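Structure at a glance
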Amino acid sequence: MEVEQQNLNIQTTQNSRLSEIDWENLLFGKIFSDHMFCMEYVNGEWTKQKITPYENISLSPATSAIHYGQSCFEGMKAHRNEKGEVVLFRPYDNAKRFNQSAIRMCMPTIAEDLFVNALKELLKVDHNWVPKNPSHSLYIRPFMFATDPYVGIRPSESYRFMVFTCPVGSYYSEPIPVKIETTYTRAASGGTGYAKAAGNYAAALYPAKLAQDEGYKQLIWTDAKEHKYIEEAGTMNVMFVMDGKLVTPLVSDTILDGITRRSVVDIANDWGMQVECRKVEVAEVINALKNNTLTEAFGAGTAATIAPISSIAFGNDNYMIPPSSQNHFHVKVLNYLNDYKLGRVEDKFNWLVHI
Ligand code: COI
């Protein structure tokens, strides 16, 4: 079926894949909903907004994003609340961050309302893809890439913005063993570390693979200059509970300003917990591990949600973190965030946007 709405063309599929999905065994990022959103940036404006069946796209082999990496993205989630309604979690925060990434990558921005409306319209078409299981959600991937077919280094003049969605379960199925990285670097000051630029993730793959070969699931990156301060984990921000205080690296131009991280900090402040967002020295974390004053370590991210860390390796030593228990802050905050998204508690921070 084809519908023309204010500047938006909607073509819906005749062959929905909904009935083929094994809803109890959702593998993260491998199942794609029926439709996708797409628009083109040409002559200085966003045009040709359309929702079409999810399908492969055709591009020139000279498409500049493929060669020079002018590409950025967002990660966000929609949830089905207890009344069966579909809600987005802090979508305007993602829209803002998307534009910050776009500016850094010398790409055009998108009006926040246009960005959020694109998601809303797509979710209206694919609302049945938002899982009913309260521990699952619909992961949303908005992204933009340079489309000029051109060989040479300059910003592209044309771009494509797209959104597709995936019903997902957990990104990490169990607490993760991590290693503090002191050889390779994810981001240097003045670089693109704070942006969700595709290349940041590509550059992190090789060191992460080396760590995975040693049995670690993830790296905790340290600063590029001295490898003295904790930064982030690439797939998520990192947080610690030390001496009963929530401690997390202050976001900077080398650390992604995570929306889950920000939410956890806001909740901790609201609960009257002492929160320290500041530079966190590796030595301080290692000392706290040695004298048992570090009681919790976890990652916070959209895909990862709240991901408990089971052990932290540094040099030749591997330190175990106490297993999660119901009175741990990260367990309480995970439960609260779940309840929040499911509408079981009041939306006191005004974070939810209904579809
Ligand atoms: C997200 O959390 O949304 C990300 O983009 C990180 C990636 C591990 C999926």
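Quick caveat: nothing in here was measured; it's all calculated off a predicted structure. (Residues numbered from 1 in each chain as written. Predicted model: local features only at pLDDT ≥ 70, side-chain atom pairs only at ≥ 80, totals over all residues. Heavy atoms only, no water.)

Here's the deal with the site of the ligand
The cut-off we apply is this: For each residue, the test is whether any non-hydrogen atom lies within 4 Å of the molecule or strand; if one does, the residue is near. We call two N or O atoms a polar contact when they sit within 3.5 Å, provided that within protein one can donate a hydrogen and the other can accept it, with sequence-adjacent residues counted only if both atoms are side-chain atoms. Values of accessible area rely on a 1.4 Å probe in the Shrake-Rupley scheme; residue burial ignores everything except the protein chains shown. Throughout this entry, Asp, Glu, Lys and Arg are counted as charged residues, while Ala, Val, Leu, Ile, Met, Phe, Trp, Tyr, Cys and Pro are counted as nonpolar. The remaining residues, Gly among them, count as polar. Each domain's extent is set by a domain assignment, obtained either automatically or from a database.
Around the ligand, the neighbouring residues are Phe73, Gly75, Tyr139, Arg141, Tyr171, Lys196, Thr235, Thr302 and Ala303. Within the side chain of Arg141, an N or O atom sits 3.4 Å from an oxygen atom of the ligand. At 2.9 Å from an oxygen atom of the ligand is found a side-chain nitrogen or oxygen belonging to Lys196. Across the complex, the protein chains shield 89% of the 280 Å² of accessible surface that the ligand would expose by itself. In the shell around the ligand, the residues fall into four nonpolar, three polar and two charged. Residue contributions to the shell around the ligand reach at least three from each of two domains, namely domain 1 (9-168) and domain 2 (176-341).

Observations regarding helix 5 (residues 259-270)
As a reminder, the rule being used: Put simply, DSSP H or I for four residues or longer makes a helix, DSSP E for two residues or longer makes a strand, and each gets a number counted from the N terminus. What a helix is expected to span follows from its residue count: subtract one and scale by 1.5 Å. Note on classification: 1.4 Å probe, protein chains only; a residue is buried when its accessible area is under 20% of the maximum for its type, exposed when over 50%, partly exposed between these limits.
With twelve residues, helix 5 should cover 16 Å at 1.5 Å per step; its first-to-last C-alpha distance of 16 Å lies within 8% of that length. Listing the buried residues of helix 5 in full gives Ile259, Thr260, Arg261, Ser263, Val264, Val265, Ile267 and Ala268. Remark: Gly272 follows helix 5 within two positions and exhibits a positive phi of approximately 80°.

Some points on the side chain of Ser33
Stated formally: In this analysis, two residues are considered to be in contact whenever any of their non-hydrogen atoms come within 4.5 Å of each other.
Position of Ser33 relative to the elements: it lies in the loop between strand 2 (8-11) and strand 3 (35-42). At a separation of 2.6 Å, a polar atom in the side chain of Ser33 contacts the side chain of Thr165. Not counting chain neighbours up to four residues away, the residues in contact with Ser33 comprise Arg17, Tyr54, Asp126, Trp129, Leu138, Thr165, Cys166 and Pro167.

A look at the domain arrangement of the chain
Formally: By buried area we mean the combined loss of accessible area, with a 1.4 Å probe, across both parts when two parts are placed together. By convention in these notes, a salt bridge is any Lys or Arg side-chain nitrogen within 4 Å of a carboxyl oxygen on Asp or Glu.
Partitioning the chain into structural domains gives domain 1 (9-168) and domain 2 (176-341). A separation of 27 Å is found between the C-alpha centroids of domain 1 and domain 2. For the domain 1 and domain 2 pair, buried surface summed over both sides reaches about 1,800 Å², with 61% attributable to carbon and sulfur atoms. Taken as a group, Phe89, Arg97 and Arg104 account for 35% of the area that domain 1 buries against domain 2, more than any other trio of residues on that side. Viewed at the interface, domain 2 and domain 1 are joined by one salt bridge. A salt bridge links Arg262 to Asp93, with the shortest nitrogen-to-oxygen separation between them at 2.6 Å. Scanning the region where domain 1 abuts domain 2 turns up ten residue pairs in polar contact (both at pLDDT 80 or more). In terms of residue count, the dominant contributor to the side of domain 1 that touches domain 2 is helix 2 (residues 91-104) (six residues).

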